[in-house]
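# Structure assessment
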Amino acid sequence: MLGLMQDWPLLISKIIDYGACQHGSREVVTRSLEGPVHRTDYAAIRARALRVAQRLQRDGIAPGDRVATLAWNTWRHLEAWYGITGAGAIYHTVNPRLFPEQIAWIINHAQDRMVLADASFVALLEALADKLGCVERYVVLTDGAHMPATRLRNAVSFEDWIGEVDGDFRWLDLDERSAAGLCYTSGTTGHPKGVLYSHRSNVLHSMAMAAPDALGLASRSAILPVVPMFHANSWSIAFSAPMTGAKLVLPGARLDGAAIFELIETEGVTCAAGVPTVWAMLLRYLDEARARPSSLQRLIVGGAAAPRSMIEQFERLGIEVFHAWGMTEMSPVGSIGSLKPALGALEGDARIDVKCKQGFAPFSVEMKITGEQGERLPWDGKSYGRLKVAGAAVARAYFRDATPILDDEGYFDTGDVATIDANGYVQITDRSKDMIKSGGEWISSIELENLAVGHPDVAEAAVIGIAHPKWGERPLLVVVPKPDCRPRPEAILAFMSGKIAHWWLPDAVSIVSELPHTATGKLNKVKLRELFREQRLPAA
Ligand code: ADP
């Protein structure tokens, strides 16, 4: 027997309708690319998103068509997402940090019919335009006054483009399972793979993320997504904020410590989310300026492992750190580190120990860790295995790719290796391909890196395995010193010694001026292994 409740579809248009109706005057503040801080609100975002949808329809964009965005976090980008999905089309976020050939590859793979881009990316697109035969029109996310001269096909400024319609439009009535967003994984090896979010998966993921143990959003909150909208759905924030009436503060293209601190202070930001690199820049600024954020209560850090020293520094400032883990295929958040009641009373090192783990899964995410034969391993905080996930916002296939990606129980293999403890907290040991196998035992590169960056002179660290005649592989530590620091390799090893099993200690330390990164800001270990291909270890 079916229930007798209404079929109220979980559509993205419902989110902005709600935001505009219940929290219409709640602000959306942007550090604009043109310079000044721009202010609008959810009612105006909705009104202009309706124009976007109407204008897309007039340009012939039909349900299921892909429309790319190549843009920083701004109010226009937000209007574009709601307009595109409200017209039944699919926003395809393109990461501008990708290599130009990769950008061309994914735009062609997605068959994007239109590209909406910041003015700062016009030159990049012009250089690629010959290869982008599928793109019929380019819309530059600016106004007529700031519109650059360009030879891009049918180019128009966003303001002129939406200025040609009146906004008298009704959101399309869609099946909630319809595709809404497309985001390609970084693809450090092989081609990037497209993850195709649905209206339903985005709505459910954003509801789960708004909850108190995750982003903890309320209408009184003010949230700053430093994480870009092109980085895996901006971790849900573009949806979770209007869904709760939280004020939304968007950083535009300036992610440096001074700019982020200023936004936090002037806008009374209570929660901010970003990758460790961004928070390292903020910490450096706070240190230099002897400043301290006054309104910030909750700091979400994810995308890569947060070093212990970073968590300690923020917690010392009275800001609670929520360490999160996830991936593009999970919309993207899979776990987040709020303290359950059994752990809430912990203090000092014991509290930080828990905060260093990547937290527990929210409702809508199911997990298991499995051993060599695919058997389930216990949640004892010691057994480690492949981390596999299932859920309402987890991919079941890649876009235009027939390869099956789920196991017999319907779980997706994340490629990460982890432990899960009795309280359900996940600890990511490594990406499976980055683990170092020494004498038949595994060494976690993440743990060594996190320890090394705790050294006062070390800015960034990476650990890779180097072939060794006796042990198979041994760890090499590669570090970037802080400005004006010259740490000695022996001093770094002495600092690490005693804090880990002695056989985990790296066999050598190499000091370099920079490390290679992927387009989402993660250490590029594939590149690093290439750079150190000829490296021999002292004892070998
Ligand atoms: P995203 O685009 O969301 O960063 P990717 O799919 O590029 O996602 O990368 C996801 C991978 O990043 C995960 O599989 C994991 O290896 C790593 N990762 C993300 N968050 C963390 C974290 N908090 N700690 C350790 N590794 C993390």
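Everything in this summary refers to the structure shown in the same document.

Tallying secondary structure elements over the protein chain gives 15 helices and 24 strands in all. What you see for the protein chain is a C-alpha radius of gyration of 23 Å, in line with the 24 Å of a compact globule of 540 residues. Principal axes of the C-alpha set define a box for the protein chain whose edges measure 70 × 60 × 50 Å. For the protein chain, buried positions account for 58% of its 540 residues. In the protein chain, 66% of the contacts between residues at least 6 apart in sequence involve partners at least 24 apart. Accessible surface, the protein chain: about 22,900 Å² in total, of which carbon and sulfur atoms supply 51%. If the 56 positive side-chain charges of the protein chain are averaged to one point and the 62 negative ones to another, these points end up 1 Å apart.

This paragraph deals with the sheet that holds strand S16 (residues 365-370). Spatially, 4 strands are ordered S16-S17-S18-S19 in an open sheet, and the strand pairing comes out antiparallel. Two strands close off the open sheet at either side, each with one partner strand: S16 and strand S19 (426-431). In this sheet, adjacent strand axes meet at a mean angle of 45° when their direction is disregarded. Two elements, strand S18 (residues 412-420) and S19, share 5 bridges in a ladder whose sense is antiparallel. In the sheet register, Ala 418 faces S19, and the bridge partner there is Ile 428.

Take the pattern of salt bridges next. As enumerated under the stated definition, the model contains 34 salt bridges in all. The partner of Glu 27 in a salt bridge is Lys 247, with the nearest N and O atoms 3.8 Å apart. Separated by 220 residues along the polypeptide, Glu 27 in strand S1 (residues 27-31) and Lys 247 in strand S11 (residues 247-250) bring together distant segments of the chain. Measuring nitrogen to oxygen at the nearest pair gives 2.7 Å for the salt bridge that ties Arg 55 to Glu 164. Taken together, the residues Arg 55 in helix H2 (residues 42-58) and Glu 164 in the loop between helix H6 (158-163) and strand S8 (179-184) connect sequence positions 109 residues apart.

Not every one of the 18 residues close to the ligand is listed here, only the nearest: His 231, Ala 324, Asp 416, Arg 431 and Lys 522. One of the backbone N or O atoms of Gly 303 is found 3.1 Å from a nitrogen atom in the ligand. One of the side-chain nitrogen or oxygen atoms of His 323 is found 3.1 Å away from a nitrogen atom of the ligand. A per-element tally of the shell around the ligand places strand S14 (residues 320-326) first, with 4 residues. In the shell around the ligand, the residues fall into 6 nonpolar, 8 polar and 4 charged.

Calculation rules
- Residues numbered from 1 in each chain as written.
- Predicted model: local features only at pLDDT ≥ 70, side-chain atom pairs only at ≥ 80, totals over all residues.
- Heavy atoms only, no water.
- Helix = DSSP H or I, 4+ residues; strand = E, 2+ residues; numbered from the N terminus.
- Rg over C-alpha atoms; globule rule 2.2 N^0.38 Å.
- Buried < 20%, exposed > 50% of the residue type's maximum accessible area, 1.4 Å probe, protein only.
- Contact = heavy atoms within 4.5 Å.
- Areas by Shrake-Rupley, 256 points an atom, 1.4 Å probe, with all protein chains shown as cover.
- Lys, Arg positive; Asp, Glu negative; His and termini not counted.
- Charge placed at Lys NZ, Arg CZ, Asp CG, Glu CD.
- Pairing = 2+ DSSP bridges.
- Axes fitted to C-alpha atoms, helices over the stretch in contact; angles between N-to-C directions.
- Salt bridge = Lys/Arg side-chain N within 4 Å of Asp/Glu carboxyl O.
- Near = heavy atom within 4 Å.
- Polar contact = N/O pair within 3.5 Å; in protein donor to acceptor, adjacent residues only side chain to side chain.
- Nonpolar A, V, L, I, M, F, W, Y, C, P; charged D, E, K, R; others polar.

Honestly, it's all geometry; don't read function into it.
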